[in-house]
Every structure is written in C-alpha cells, then in structure tokens.
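Single-letter residue listing:
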Amino acid sequence: MECFDASAETVEANVSRVVPTDDVVLSPATGRIPKIDAPGGLMGTLSQRLQPRRSGNRAPVLTSDAMGVAAIVVDLSEALAVAGWSDVATEQCRDRVSGIVAAANIVSLNEAACSLLGWQEPAVGTMTLSAIWPDAARDALCGLLEAMRSPQRAERHMGRLRTFDGELVPVVFTVRQVDGDDAPGRLLVQCTDMRGLDLADEAMPDAVAKQRTLFRNLPLGLCRVNGDGLTRLYAELGVGPDTDLLSLLRSCPDVRERAAAACIIEDVNPEAVRILGAASGAELLGRSVAFAWRARPDSFIQTLIAGMESRSYECETNLTRLDGGTLDVILASASVRESGSRISIIGMVDIADRIAAQADLIRLQAQFAQSYRLSLLSELCTWFAHEISQPLSAIAASASTGHRWLKQAEPRIGEARRAFDRISSATARSQGIIERLRCMAQSHAPALNPEPLREVVSDALKLIEGEAKAAHVAIALEVEGTHDIVLIDRAQIGQVVVNLIVNAIEALERSQAAERSVIVSLMAIDGCARCTVSDSGPGLAQADVASLFAAQEAGSAGRTGFGLTMSRSIVAMHGGSMDIEASRSLSGASVWFQLPVVPASSH
C-alpha cells in the first residue's frame, strides 16, 4: 500500500462531515463532530453509540442509510495479543504488522464501506484486515495503532485501501478506539474516498495546458500583468477605500508614472507582441506597461480604478507601441487575486482596419455630399427658372394690359394703375425669389420669427391672384381654429405656399378640367398648424406620389413637380413635414405641409 501522512488540518477538512445520531455513530446531517463530555470521553461515547441495544455476542450495528463516509469496525484484541504489540515500542513492531493484519478481524461495516470496497455481501466475522489492507501499509498501520495507546486520541492519515477487484483506492482514515467492557481492542475506522481529488490532480496539468494553448492561440492580444508593486505604492501613499484615486492620478503625474512602472508584464501571447510592436515576447517580459499608455493616460487611470474596485473595464483607446507608433485598439481588463498576488489580464483587439475603413467612409461620404450638392445645384437652377418665370410672365401680361387701357380713346387710368400694381407685386416676388436663392447659396441661417400662418398664406394668395384669374381658377381660403403661430422664415414658407398653389393651377390648366377650383385650408392638428392645397384636377395614382417629389419633368397627371423637393426641404428645416394624398374636398390631389405651433405662453 502507498501511504503518506497529511496535516491534521488537511485531513480534518476532508473527513469532518459526520456526527453521531441517536442510534448510529455517524451522520452527514450537520457536518461536524460535537464535543461530548461523558464518562469515558468521546471514544467511550462512540463505543456506546456503536452498540445500540445488543443481545448476546452480536456485533455492533452500523445503520448504513445514515452514513456520510464509509465506516468499518475492526477487532485487534487477539491480533495484538499474539503479536505482543503492547509490550514493544512502535518502531520495533513494524516487522510484526503482517501478522497483525492477518489476525485482525472485521467486525462490521456499513453500506458506504461496502460500496467503496466493491463488496456485495461480505462475510463479516470471518474476514480479516488483510482483505483490504495492502502489504505495504506497515507505516500507516503502526500510526493508526497509536489510537490503541491513547483512547482519547483520533489518528488521521491519507492512504489506500484494496477493493474487491484489487484496485487501490485513495482514502483519508480517521481511527478512534471503541471503548466499552464488551468491546476491548476494537477500532472504528472511517474512510473518506479521495478518488475525486486524485482525478482533479491528474486533470490539473491537462487543464493548465489547455489554458496555455488558448492563451497562445486566441486571435486577440493577451497580457498577464503583475500589479504587486501597486499594493506597495498604495500603502506608501496611504490609498484606501475612501481615497479619490481618480483625482489623485489626474493631479499627480509622478504618481501616475510610478503606478505604471509598478505594473510588470509577466506573459504575452503572439498577438499581443504584434500589437505592442515588439520583436518577440522576451522583449516585453519583465517590462512595465508605462510605455503603452503615453498617448492615452486617461485610459490607464480608468484601468487602475477598475482594478482597485475589483471590476472589469473596457474601452476604445490608443496604445503606444515599442517602435514609437500608435495603434487603435479595443481594450478590456480584468483583475484577479492569484496566490496573494494582484494579477490583471489585459485583452486587446486591433481595430486599426476598422478606423481606416471609417476614414474611407468619411471620404466617400464627402464625395457623395459633393455629388449631392451638384445635383441640388441642378435642381435649384430648374426650380429658379420655374419660379422666376411666373412673376416675369405676370409682369409682361400686366404691362401689356396696362398699355391697352392707356391706348383706348378714353384711357382707363384706374385699370391701368391696377395693372401696374400687379407689375410691382410681381417684381417684388421676383426679388424675393432671387434673395432666397442667394441666402441658400451662402448657407445663411433662416431668420426665424413667430408668425401667424394665415397671414403668410394670405400674402401668397395676393401674389398669385392675377395668375389665378388669367387661368380662370377660383381660389378659396378655409380657416379652422385660431392658434396658428409658427416659428418660421416668413419669406421661405411664403415661397412654399406660392409654389404649391402655382403647381395646382398648372395641373388644372394641363388637365383641361371643366371645374377649376383650388381650396387652401388651414387647421390645427396634433400640435401643428397644417396648410393643405387641394385642386379639382384628375388626381394622382398612389404609385406616382413617391416619384413626384423627385420628378424634374411633368408627371402622369400633368403636375410638373417643380419645386416640391425644394419645398419639402424648406419645411423639414423648420421642423415640419410634407406629403401628398387624395383630396377629400375636391376630385383632385391635396398637398399639405405642417409646422409645429409655438406654445401660447411663448408669444
């Protein structure tokens, strides 16, 4: 038998799981052995508990279903008498151990012991200790027999027992003498199976090897950093749980540098070697981490604080490499205590490619923005030509009308004056269009002021009154509610209203509709003031609505779509929205936009 001693603390940790019950010696109920102050001491009490209500020469009974460990009662009285062990020193009895083992009888054992030894129906009373005690167990048995000399003493040893099929099972022995008049020379042997511990010890090298393999081959950089120097530094500085470590490290660069110098690299994997710009791992081992944090000391401070608070930390930062370059990484740290040492595992993921891709994306977005500006410029030119042609046409028509009134035999001065007033209005409208275009080209911010939307709409209707009459289009204004104060650039929103109405007039002209009506309605809805322009034209197919905003030529219903994209952009800049739907009041289409109203308390 292989046998080796263990400290009392080690053995106690493995076997102190059993306590006496009313009828049995051992029970797993509480996990400890209580102190019993009874005649004969603990051994005597155990002996009494071992023999509940016996008659004649029946052996002690162990109740198997209450046992936490294997228990065996061995009678050594005859064996020791034959060997004369009581008269010689322990050192002189080693040659007699084989005889003692062969003569020692197994009196009883519990179910746990049968399971441990692989016995189905042991012939208790006829079996000797040699059946389970290997020949090489002499030293262990001599130590266990010391329990015979000291009844109050419990001997503990780690060793091995032989099972029914010859396997040597590692166990922890706890041996106590069984006291009592009818049980001289008997020992109670408790055996705790330690095969699980052996398996764990055997698996440990394999587990460590697997960990090392993972550490070496993971596709992210890993550093093992020893921070024992931080413990000494914190003690020197008097840093405690109440210390504002963040303020200390930010305000004292020398303390920060000493803290970085106290963190020593113990191990790195190949990816960490590449990330940190080293030629080999040996170039990093034993070096402090101070070089890596020169570009971002703030990240180092947060890593230290996380370690002080025993939590993990993750950030996107920039590390300085040994070759002087820098590298963008995602860094994660976790601090642990290992054999009393302060250890941090630092993980690093190289994101330089991602940062470069982001830079490429920004450049690509700039190119798209330039293309968009060119497209917008083309749209602006189209919109300007469309918008400016309306007042110019009105000017020409009004001038011709004025001249006709003046050329009559009796000049009609009043009619001519009204024609010239329309020329002035159209001229002002043209100037407004040009001014708006100049402001947009120069990226001037719109001049926002609280304005009643109904006044803006009324002014727009006055501007196109002549054009509407020339096209024989009747325009009606419907207003619901009184709260329509919106924060707008009056000229820009006025241009939007004019554009929507002119588009409706042109749609009616192209459609040859018998009824030519346009209704401009104002209403409050969901905290917004909504302006809707509806016409009596043929309307729009739903499939044409989305494309109408992007159209630069006439749509299927004759609607030009000129200015709609620009109008929607202007409305969006004011925090509003625009859409097209079927008209509810007329047969044609409705284009509406809405703007957030200004709270009444803000007027």
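Residues numbered from 1 in each chain as written. Predicted model: local features only at pLDDT ≥ 70, side-chain atom pairs only at ≥ 80, totals over all residues. Heavy atoms only, no water.

Draft legend 1. Spotlight on the sheet that holds strand E2 (residues 105-109). The five strands are arranged E2-E1-E5-E4-E3 in an open sheet whose pairing can be described as antiparallel. One side of each edge strand has no neighbouring strand; the edge strands of this open sheet are E2 and strand E3 (155-162). On average, each strand axis in the sheet is inclined to that of its neighbour by 35 degrees, with strand direction left out of account. Here strand E1 (residues 70-75) pairs with E2 via four bridges, running antiparallel. Bridging across to E2, valine 73 finds its partner in serine 108. (Pairing = 2+ DSSP bridges. Helix = DSSP H or I, 4+ residues; strand = E, 2+ residues; numbered from the N terminus. Axes fitted to C-alpha atoms, helices over the stretch in contact; angles between N-to-C directions.)

Draft legend 2. Seen up close, helix H18 (residues 490-511). For H18, which comprises 22 residues, the first-to-last C-alpha distance of 32 Å matches the rise-based estimate of 32 Å (1.5 Å per residue) to within 8%. With 17 of 22 residues buried, H18 lies mostly within the body of the structure. In the stretch just after H18, glutamine 512 is the one whose phi turns positive, near 55 degrees. (Expected span 1.5 Å × (residues − 1). Buried < 20%, exposed > 50% of the residue type's maximum accessible area, 1.4 Å probe, protein only.)

Draft legend 3. Seen up close, the sheet that holds strand E9 (residues 326-338). The antiparallel open sheet is built from five strands, whose spatial order is E7-E6-E10-E9-E8. At either end of the open sheet lies a strand with only one pairing partner, and these are strand E7 (264-268) and strand E8 (313-320). Looking at each pair of strands side by side, their axes are set apart by 35 degrees on average, direction ignored. Where E9 lies against strand E10 (residues 341-350), 10 bridges are found, and the strand directions are antiparallel.

Draft legend 4. Seen up close, unusual backbone geometry. Positive phi, normally seen in glycine, also occurs at serine 310, with a value near 55 degrees. Mapped onto the elements of the fold, serine 310 is located in the loop between helix H13 (297-308) and E8. At histidine 472, a residue that is not glycine, the phi angle is positive and equals roughly 55 degrees.

Draft legend 5. Main features of the layout of surface pockets. Taken as a whole, the largest pocket holds about 620 Å³ of empty space. Surrounding the largest pocket, 27 residues form its lining, Ser398, Arg422, Glu465, Gly466 and Glu467 being those nearest its centre. When contributions to the lining of the largest pocket are tallied by element, the ones reaching two or more residues are helix H14 (352-407), helix H15 (413-441), helix H16 (453-463), helix H17 (465-470) and H18. Among the elements that make up the lining of the largest pocket, the one with the highest residue count is H14 (nine residues). In terms of residue class, the lining of the largest pocket is made up of 10 nonpolar, seven polar and 10 charged. Along the walls of the second largest pocket sit 17 residues, with Ser521, Met523, Thr532, Ser534 and Arg584 positioned nearest its centre. Contributing elements (two or more residues each) for the lining of the second largest pocket: strand E14 (517-525), strand E15 (528-535), strand E16 (577-582) and strand E17 (589-596). With five residues, the top contributor of residues to the lining of the second largest pocket is E14. (1 Å grid on protein atoms, 1.4 Å probe; cavity = no way out; pocket = protein on both sides within 12 Å on 5 of 7 lines; lining within 4 Å. Points joined across faces, edges and corners; volume = space filled by probe spheres on them. Nonpolar A, V, L, I, M, F, W, Y, C, P; charged D, E, K, R; others polar.)

Draft legend 6. Local environment of the packing of aromatic side chains. Using the criterion set out here, one finds one aromatic pair in the structure. Ring centres of tryptophan 293 and phenylalanine 300 lie 5.6 Å apart, and the angle between their planes is 40 degrees; this geometry places the pair in the tilted category. You can call tryptophan 293 buried: its relative accessible area is 9%. Look at phenylalanine 300 and you get buried, because its relative accessible area is 4%. Above the face of the phenylalanine 291 ring, arginine 287 is positioned so that its terminal group lies 5.8 Å from the ring centre. One cation-aromatic arrangement involves arginine 530 over tryptophan 592; the distance from NZ or CZ to the ring centre is 3.8 Å. (Phe/Tyr/Trp six-rings, centres within 6.5 Å; stacked < 30°, edge-to-face > 60°. Lys NZ or Arg CZ within 6 Å of the ring centre and 35° of its normal.)

Draft legend 7. Looking closely at the environment of leucine 304. Within the secondary structure, leucine 304 sits in helix H13. Once residues within four sequence positions are removed from consideration, leucine 304 is found in contact with Leu230, Tyr234, Leu245, Leu249, Ala259 and Cys263. (Contact = heavy atoms within 4.5 Å.)

Draft legend 8. Quick peek at the pairing of E8. Burial of E8 is extensive: six of the eight residues sit out of reach of the surface. Bridge count between E8 and E9: eight bridges; the pairing is antiparallel. Of the residues in E9, the one forming a bridge with cysteine 315 is leucine 331. Taken together, E8 and the strand that follows it, E9, pair antiparallel across an intervening segment of five residues, in which glycine 324 is found at a positive phi of about 95 degrees.

Draft legend 9. Summary view of the environment of glutamine 390. Along the chain, glutamine 390 falls in helix H14. On the accessibility criterion, glutamine 390 (5% relative accessible area) is buried. Taking the C-alpha atoms as reference, glutamine 390 lies 8.3 Å from glutamate 467; in sequence the two are 77 residues apart.

Draft legend 10. Focus on the pattern of salt bridges. For the structure shown, the criterion picks out 18 salt bridges. Here arginine 311 makes a salt bridge to glutamate 309, at a shortest N to O gap of 2.6 Å. A salt bridge links arginine 510 to glutamate 506; the nearest nitrogen and oxygen atoms lie 3.7 Å apart. Here arginine 510 and its partner glutamate 506 are both found in helix H18, four residues apart, which amounts to about one turn of the helix. By relative accessible area, arginine 510 is classed as partly exposed at 47%. (Salt bridge = Lys/Arg side-chain N within 4 Å of Asp/Glu carboxyl O.)

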